[in-house]
Amino acid sequence: MSPSPKPATAPMISVRGARRRYGGFEAVRGVDLEVHRGELVALLGTNGAGKTSLVEMIEGLAPADGGEVRVLGHDPYRERRRVIDRVGVMLQEAGFSSDLTVAETVRMWASTMTSPRPQAEALDAVALTHRADVRVASLSGGERRRLDLALAILGEPEVLFLDEPTTGLDPESRQATWRLVRSLQAAGTTVLLTTHYLDEAEALADRVAIMSGGRIVREGTVADVVAAEPATIELEARDAAGRTVVVDPEDLPPLAGLLDATVDRERVRLRTERLQEDLEAVLAWARRLELRLHHLDARSASLEQAFLALAERTAAGPAPSGTASSDAGTPAAGPNRPEVVA
């Protein structure tokens, strides 16, 4: 998804040097983050990365132990009354009464708001109109998540916090939720999303921020984050008679961006930082030797690969401080001849 242009106005969410401690443990370690009007930012991280602690500060559920957190220009914890009517929060567990019906739950929630949207409209937006008279206890897990979302958007929030919004949803409901989120964003709603589904972040986010060790170690568009990771080329070679040719990576031509090569039986896997140039060199080499390349697969890294690589590198050593569009753990370009792992 292409990034939304940033207006010349103050960000809707602004975090500067935020810190949060639990006794002697620092869960959030000097984080900077901005989210602008109409923008959707996905905050990603493994368990223990610090994202829940950071989001709780931004939502106003806990104070920052250092730095500055602002939502709509206000401290969301100390000035909660100036913020609460303008934000919507979808938690993993809403905790509403299971004895109430869906309609009663929405009505009770709406009574706490200054100017909620029509209750029927909120239920229709999450496809729960036909379940309005059903008790919450009788809802499926996916229906409860949709009710959580209905309550989060009931006040027509300017800023919306979504915590794992599609957990437990079937594929159709998941796609419907994505469409709803996109429509809210198109109308100007600012969204901070936390999710373990990387395809969800890839589909929805204007930008992603990946946390590890209490810091944001990579931030940017999905394309930016993915571009920092090596691409792969996989191939199997056969001669003109259709016989399999086992390729020794030492027999390949010099490849400008090659990092390493792995051989698994007859299949060769190359990791490269210069996909197009090295793919062209491999194809020219195969033509010259009259080899046919079967199961040829050349692709850029996925968000999942970038996420896992970052998690592995930052777990192995100190996380880089602050926010960064690239991190210190990115492998440097190797020599033309790779390290071969058989």
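Anything mentioned here points back to the structure above.
These numbers were taken from a predicted model, which means no experiment stands behind them.

What counts, and where the lines are drawn
- Per-chain numbering applies: the sequence of each chain, read as written, is numbered from 1 onward.
- Reporting of local features is limited, given that this is a predicted model, to residues whose pLDDT is at least 70; pairs of side-chain atoms are given and counted only at 80 or more, and all residues count toward the totals for whole chains, interfaces and linings.
- Side-chain metrics in this entry use all non-hydrogen atoms of the structure; hydrogen atoms and water are not considered.
- The helix and strand labels rest on DSSP assignments: H or I over at least four residues marks a helix, E over at least two residues marks a strand, and numbering proceeds from the N terminus.
- We call a residue buried when its accessible area falls under 20% of the maximum for its residue type, exposed when it is over 50%, and partly exposed in between, using a 1.4 Å probe and counting protein chains only.
- Two N or O atoms form a polar contact when they lie within 3.5 Å of each other; inside protein one atom must be a possible hydrogen donor and the other a possible acceptor, and for residues adjacent in sequence the pair counts only when both atoms belong to side chains.
- In this scheme, strands are said to pair when DSSP sees at least two bridges between them.
- Between N-to-C directions, angles cover 0 to 180 degrees, with each direction set by a line fitted to C-alpha atoms, over the stretch in contact for helices.
- Here a salt bridge means any side-chain nitrogen of Lys or Arg lying within 4 Å of a carboxyl oxygen belonging to Asp or Glu.
- Put simply, the grid is 1 Å and covers the protein atoms alone, a cavity is a trapped set of points that fit a 1.4 Å probe, a pocket is an open set with protein on both sides within 12 Å along at least five of seven lines, and lining residues have an atom within 4 Å of a point.
- Grid points are joined across faces, edges and corners, and a volume is the space filled by probe spheres set on the points.
- Residues were grouped as follows: Ala, Val, Leu, Ile, Met, Phe, Trp, Tyr, Cys and Pro as nonpolar; Asp, Glu, Lys and Arg as charged; and all remaining residues, including Gly, as polar.
- For this analysis, residues touch if any pair of their heavy atoms sits within 4.5 Å.

What am I meant to see in the environment of D260 here?
The topology assignment puts D260 in strand β12 (residues 258–264). Using a relative accessible area of 17% as the deciding quantity, one classes D260 as buried. A distance of 2.8 Å separates polar atoms of two side chains, one belonging to D260 and the other to R271.

Honestly, the sheet that holds strand β9 (residues 215–220) in this entry has me stumped. Any pointers?
Backbone-to-backbone hydrogen bonds join strands into a sheet, with any given pair of strands oriented parallel or antiparallel. Read across the sheet, six strands follow the order β5-β6-β7-β3-β8-β9 without closing on themselves; strand pairing throughout is mixed. With one partner strand each, in any of the chains shown, β5 (87–90) and β9 form the two edges of the open sheet. The average undirected angle you get between the axes of adjacent strands in this sheet is 15°. Bridge count for strand β3 (residues 40–45) against strand β8 (residues 207–212) is five bridges, and the pairing is parallel.

Quick question: what am I supposed to make of the pairing of β9 here?
β9 sits mainly inside the fold: six of its six residues count as buried. With five bridges connecting them, β8 and β9 associate as antiparallel partners. Across the sheet, the residue bridging to A209 is E219, located in β9. Remark: two residues form the turn of the hairpin made by β8 and β9, two consecutive strands paired antiparallel; G213 in that turn has positive phi of roughly 60°.

Whenever I open this one, the pattern of salt bridges confuses me. Can you help?
Evaluated as defined, the whole model comprises 25 salt bridges. Between D199 and R174 there is a salt bridge; the shortest N-O distance is 2.9 Å. With a gap of 25 residues between them, D199 in helix α6 (residues 198–204) and R174 in helix α5 (residues 171–186) connect regions that are remote in the sequence. Note that R271 is salt-bridged to D260, the shortest N-O span being 2.8 Å. Highlighted residues: R271 in strand β13 (residues 267–272) and D260 in strand β12, separated in sequence by 11 residues.

Just checking my understanding: could you explain the layout of surface pockets for this structure?
Where empty space is left in the structure can be found by rolling a water-sized probe over the atoms. By volume, the largest pocket is sized at about 600 Å³. Along the walls of the largest pocket sit 27 residues, with I84, V87, V89, W109 and M113 positioned nearest its centre. Those elements that provide at least two residues to the lining of the largest pocket are α1 (51–59), β5 and α4 (141–153). Looking at the lining of the largest pocket element by element, the count peaks at four residues for β5. For the lining of the largest pocket, the class distribution of residues is 18 nonpolar, five polar and four charged.

Help me understand the sheet that holds strand β2 (residues 25–35), please; the structure alone is not making it clear to me.
An order of β2-β1-β4 is seen for the three strands of this open sheet, with the pairing classed as antiparallel. Across the chains shown, the open sheet's two edge strands, defined by having one partner strand only, are β2 and β4 (66–71). Put simply, the sheet's adjacent strands are angled 25° from each other on average, direction ignored. Here strand β1 (residues 13–22) runs beside β4; their pairing, made up of five bridges, is antiparallel. Bridged to V15 within β4 is V69. Contacts between α1 and the sheet are confined to β1, β2 and β4, with β1 contributing the most and set at about 120° to the helix.

All we've got here are geometric facts, nothing functional implied.
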